[in-house]
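Here is how the chains run, residue by residue.
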Amino acid sequence: YIQPLFFCQFSDSAGYVGFANLPNQVHRKSVKKGFEFTLMVVGESGLGKSTLINSLFLTDLYPERYIPGAAEKIERTVQIEASTVEIEERGVKLRLTVVDTPGYGDAINSQDCFKTIIHYIDNQFERYLHDESGLNRRHIVDNRVHCCFYFISPFGHGLKPLDVEFMKALHGKVNIVPVIAKADTLTLKERERLKRRVLDEISEHGIRIYQLPDADSDEDEEFKEQTRASIPFAVIGSNQLIEVKGKKIRGRLYPWGVVEVENPEHNDFLKLRTMLVTHMQDLQEVTQDLHYENFRSERLKRTGK
Amino acid sequence: PHAGPVESKNEATMSELVPEPRQKPVVPMKPMGINASLLGYIGIDTIIEQMRKKTMKTGFDFNIMVVGQSGLGKSTLVNTLFKSQVSRKSSGWNREEKIPKTVEIKAIGHVIEEGGVKMKLTVIDTPGFGDQINNENCWEPIEKYINEQYEKFLKEEVNIARKKRIPDTRVHCCLYFISPTGHSLRPLDLEFMKHLSKVVNIIPVIAKADTMTLEEKTEFKQRVRKELEVNGIEFYPQKEFDEDLEDKTENDKIRQESMPFAVVGSDKEYQVNGKRVLGRKTPWGIIEVENLSHCEFALLRDFVIRTHLQDLKEVTHNIHYETYRAKRLNDNGGLPPMTVETEENHESNL
């Protein structure tokens, strides 16, 4: 996705100053600098998180993955693992960090499993606060979590108690985007029912998930509405290419048919990907203006600065 | 046909002069070579027909328990297995019901009939299992329920004036639903099966198997089998109860290749190739529940209902119940338990 360069129509008319070209300049500088984005991924084991991330960014973020057995999981606590990858597309550089949370929801007693995650997010805020208040502010690195994909199991009847607790604890610290994983487990009707149920429960518990901003004048209002209406996105990921009608596409091959990842009639993958890339800027802004500012004012109040 | 094996075991321990009788199931023995020189036909084999007629007249009890996290398709699967609306889901249960805060035990009984044979089927559901944030010891209410049924049976058995046919509420089979993550078992799965495989026949099934491709299914099954083995979990059919070579060969194949069965359930019918089939309709195809190239439901059904139903009951009676009984008698100093008991001890949501 590239922001279209916009051409100024009035360059040589009388009275033209030229600052209308500013967006172009900002744009060019951003392209030169590159973008940073940190995406956190949370959900129980086996919901297809890694596969989805690889599908979204057409990369293999987890080449030597080891999946522990149940006996090992009993001993494990939640880990935080960050992988960074540099993606370049049409001259635009993105430094993407994916923060994984293996162990989440695995233990028999998952009471404290999101404490580690909260600490991590707060630490990134803390670091930024420290850097921001420091002397050399030229090269502040923004490691704050800009977006959190929360994976909801398609096997339940809605949100689980753990899902509710997690989202309530984190909606004030990070932009939460709920995602229904392994959506090919559901028929269309089941999917709609589950989505409705999840939205009802989110509203019932006063959980604040990331809200898409209203469409700008030059954006497609209808498309935006459609995207909004699809939340939570029900997605499928795949690392495999399958031949369908002469073309190689990402999908899953079953005895009863082929599920195509990028087919909008099969799942919301494209909607999720489009939403993410067209809102990277907004997600960063909301992180800065809302979540970070909340953290900062709390912190400063506490230390009495 | 419950009385036989129990008595012979007691006799053996009491007397050392009488050689221990061979433990054999109460089915007619296959003809032995020694008697091959029988002259003429006696008619011993008609006993099979007599027993069959008797079973048809009296009917039989079968109690199946389902355990697993909410949403794994337990109720649907049980309905599919018995081709009837027999689960909690169908008895006025509201789908939008909240997850209970503790594990509940809900038993629902139905009488279903097929080919003149009546089965009193009881489906025991365990809503709330594994659904909380803290699931420690959530198997305890289940273990308690199972033992309570053994206790009930034991009390009847030791009564002076016994009922002719002791009502059997003991759990004959426990289907444990494994979530199809494609990775491995979950810690809770291991804990549950470790504790409960000692008191009841556990049949692990992989739920909602239409979420896995064939490759993923094979790999996952292998992984689960390995994990169960490494952790010493003996699921049904247990190796130690194979009675003869024929059993062992048949059961080995089931244990090492087929189980755990990767199943899909459905109570909806669709038209496929001119036939009405049970299935799930998706934008990319129809998953046929009874089609072996789609999932292993038919294998599970045949296994539980068509071939091993009686064996499930026998192992429950001869092994699990006997183990419970022996422990109870030992605890009581070899005496039968007191018949005077408070009603509170028989709590279950029947």
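Reading the values: rules and limits
- Residues numbered from 1 in each chain as written.
- Chains lettered and ligands numbered in written order.
- Predicted model: local features only at pLDDT ≥ 70, side-chain atom pairs only at ≥ 80, totals over all residues.
- Heavy atoms only, no water.
- Helix = DSSP H or I, 4+ residues; strand = E, 2+ residues; numbered from the N terminus.
- Buried < 20%, exposed > 50% of the residue type's maximum accessible area, 1.4 Å probe, protein only.
- Contact = heavy atoms within 4.5 Å.
- Areas by Shrake-Rupley, 256 points an atom, 1.4 Å probe, with all protein chains shown as cover.
- Buried area = accessible area lost by both parts, 1.4 Å probe.
- Salt bridge = Lys/Arg side-chain N within 4 Å of Asp/Glu carboxyl O.
- Polar contact = N/O pair within 3.5 Å; in protein donor to acceptor, adjacent residues only side chain to side chain.
- Nonpolar A, V, L, I, M, F, W, Y, C, P; charged D, E, K, R; others polar.
- Pairing = 2+ DSSP bridges.
- Axes fitted to C-alpha atoms, helices over the stretch in contact; angles between N-to-C directions.
- Patch = residues over 30% accessible without salt bridge, like charges linked within 9 Å, V, L, I, M, F, W, Y side chains within 5 Å.
- Lys, Arg positive; Asp, Glu negative; His and termini not counted.
- Charge placed at Lys NZ, Arg CZ, Asp CG, Glu CD.
- Right-handed = clockwise from strand over helix to strand, strands pointing away.
- pLDDT = per-residue confidence, 0-100.
- Core = buried A, V, L, I, M, F, W, Y, C linked by side-chain atoms within 4.5 Å.
- Phe/Tyr/Trp six-rings, centres within 6.5 Å; stacked < 30°, edge-to-face > 60°.
- Lys NZ or Arg CZ within 6 Å of the ring centre and 35° of its normal.

**Q** Summarise the overall build of chain B; cite the residues concerned and give the values.
**A** For chain B, the count of helices and strands is 9 helices and 9 strands. A burial count over chain B gives 49% of its 350 residues as buried. Restricting to contacts in chain B with at least 6 residues of sequence separation, those with at least 24 account for 69%. Accessible surface for chain B amounts to roughly 18700 Å². Of this, 54% is attributable to carbon and sulfur atoms.

**Q** Just give me the short version of the interface of chain A and chain B, but keep the residues and values in it.
**A** Listed per partner, the contact involves 47 residues of chain A and 48 residues of chain B. It is Ile-108, Phe-155 and Trp-256 of chain A that lose the most area in chain A upon contact with chain B, and together they represent 22% of the buried surface on that side. Counting every contact that joins chain A to chain B gives 3 salt bridges. Taking the shortest distance from any N to any O, the salt bridge between Arg-252 of chain A and Glu-216 of chain B comes out at 2.6 Å. At the surface where chain A touches chain B, the tally comes to 14 residue pairs in polar contact (both at pLDDT 80 or more). For the side of chain A that touches chain B, the elements supplying multiple residues, two or more each, are helix H3 (70-75), helix H5 (161-170), helix H6 (188-204), strand S8 (247-254) and strand S9 (257-260) of chain A. Sorting elements by how many residues they give to the side of chain A that touches chain B places H6 of chain A first, with 6 residues. Residues of the side of chain A that touches chain B, tallied by class, amount to 18 nonpolar, 14 polar and 15 charged.

**Q** Account for the sheet that holds strand S7 (residues 241-244) of chain A, with residues named and values stated.
**A** All names here are of chain A. If you walk across this open sheet you meet the 3 strands as S7-S8-S9, and the pairing is antiparallel. Lying at the two open borders of the sheet, with one neighbouring strand each, are S7 and S9. On average, each strand axis in the sheet is tilted by 70 degrees relative to the strand beside it, whichever way the strands run. Bridge count for S7 against S8 is 4 bridges, and the pairing is antiparallel. The residue of S8 that forms the bridge with Ile-242 is Ile-249.

**Q** Which residues make up a positive patch on the surface, and what values go with them?
**A** Together, Lys-189, Arg-193 and Arg-196 of chain A together with Lys-268 of chain B make up a region of like positive charge exposed at the surface. Mapped onto the fold, Lys-189 of chain A is located in helix H6. A relative accessible area of 66% means that Lys-189 of chain A is categorised as exposed.

**Q** Got a sec to walk through the pairing of strand S5 (residues 202-206) of chain B? Specific residues and values, please.
**A** All names here are of chain B. Within S5, 5 of the 5 residues are buried, which leaves the element mostly enclosed by the surrounding structure. Alternating residues of S5 divide into Ile-202, Pro-204 and Ile-206 and Ile-203 and Val-205, and every residue in both groups is buried. Taken together, the 5 bridges between strand S4 (residues 173-178) and S5 define a ladder with parallel strand orientation. What sits directly across from Ile-178, in S5, is Ile-206. Handedness of the S4-helix H5 (residues 187-196)-S5 crossover: right-handed. Here S5 runs beside strand S6 (residues 261-262); their pairing, made up of 2 bridges, is parallel. The residue bridging Ile-206 from the neighbouring strand is Ala-262, located in S6.

**Q** Go over the confidence of the model for chain A with me, naming the residues and quoting the values.
**A** Confidence in the prediction for chain A averages 86 pLDDT; 91% of positions are at 70 or higher. Low pLDDT, under 50, characterises residues 1-11 of chain A; the predicted model gives this stretch 16 contacts beyond four residues in sequence or across chains.

**Q** How would you explain the sheet that holds strand S8 (residues 275-282) of chain B if you had to name every residue and give the values?
**A** All names here are of chain B. Pairing is antiparallel in the open sheet, where 3 strands are placed in the order S7-S8-S9. Of all strands in the sheet, those with a lone pairing partner are strand S7 (269-272) and strand S9 (285-288), marking the two edges. Each strand of the sheet is rotated relative to its neighbour by a mean of 65 degrees, with strand direction disregarded. Here S8 pairs with S9 via 4 bridges, running antiparallel. Bridge pairing links Arg-280 to Ile-287 in S9.

**Q** Let's hear about the nonpolar core: which residues, and what values?
**A** The biggest cluster of nonpolar side chains holds 155 residues, and the ones touching the most others in it are Phe-62, Leu-175, Phe-192 and Ile-203 of chain B. In terms of residue count, the dominant contributor to this core is helix H4 (residues 115-132) of chain A (7 residues). When residues no more than four places from it in sequence are discounted, the contact partners of Phe-192 of chain B are Val-67, Phe-129, Trp-139, Ile-142, Cys-174, Tyr-176 and Ile-202 of chain B.

**Q** Tell me about the environment of Leu-188 of chain A, residues and numbers included.
**A** By secondary structure assignment, the location of Leu-188 of chain A is in helix H6. Sequence separation between Leu-188 of chain A and Leu-94 of chain A is 94 residues, and the spatial gap between their C-alpha atoms is 35 Å.

**Q** Now, about the packing of aromatic side chains: what can you tell me, with residues and values included?
**A** How two aromatic rings sit relative to each other is given by the distance of their centres and the angle of their planes. For the structure on display, the rule yields 16 aromatic pairs over all chains. With 6.0 Å between their ring centres and 85 degrees between their planes, Phe-129 of chain B and Tyr-176 of chain B make a pair best called edge-to-face. On the criterion of sequence distance, the pair formed by Phe-129 of chain B in the loop between strand S3 (117-125) and helix H4 (140-158) and Tyr-176 of chain B in strand S4 is long-range, its members being 47 residues apart. Taken individually, Phe-129 of chain B and Tyr-176 of chain B each receive the classification buried, so the pair is uniform in this respect. Measuring from centroid to centroid gives 4.8 Å for Tyr-176 of chain B and Phe-192 of chain B, while their planes differ by 20 degrees, and the two rings are stacked. Highlighted residues: Tyr-176 of chain B in strand S4 and Phe-192 of chain B in helix H5, separated in sequence by 16 residues. For the pair Tyr-176 of chain B and Phe-192 of chain B, one class covers both residues: buried. Three or more aromatic residues joined by ring pairs make a cluster, and in this case those are Tyr-104, Phe-114, Tyr-150 and Phe-166 of chain A. Over the ring of Tyr-128 of chain A we find Arg-144 of chain A, and its NZ or CZ is 3.6 Å from the ring centre. The cationic tip of Arg-170 of chain B hangs over the ring face of Phe-153 of chain B; the distance from NZ or CZ to the ring centre is 3.6 Å.

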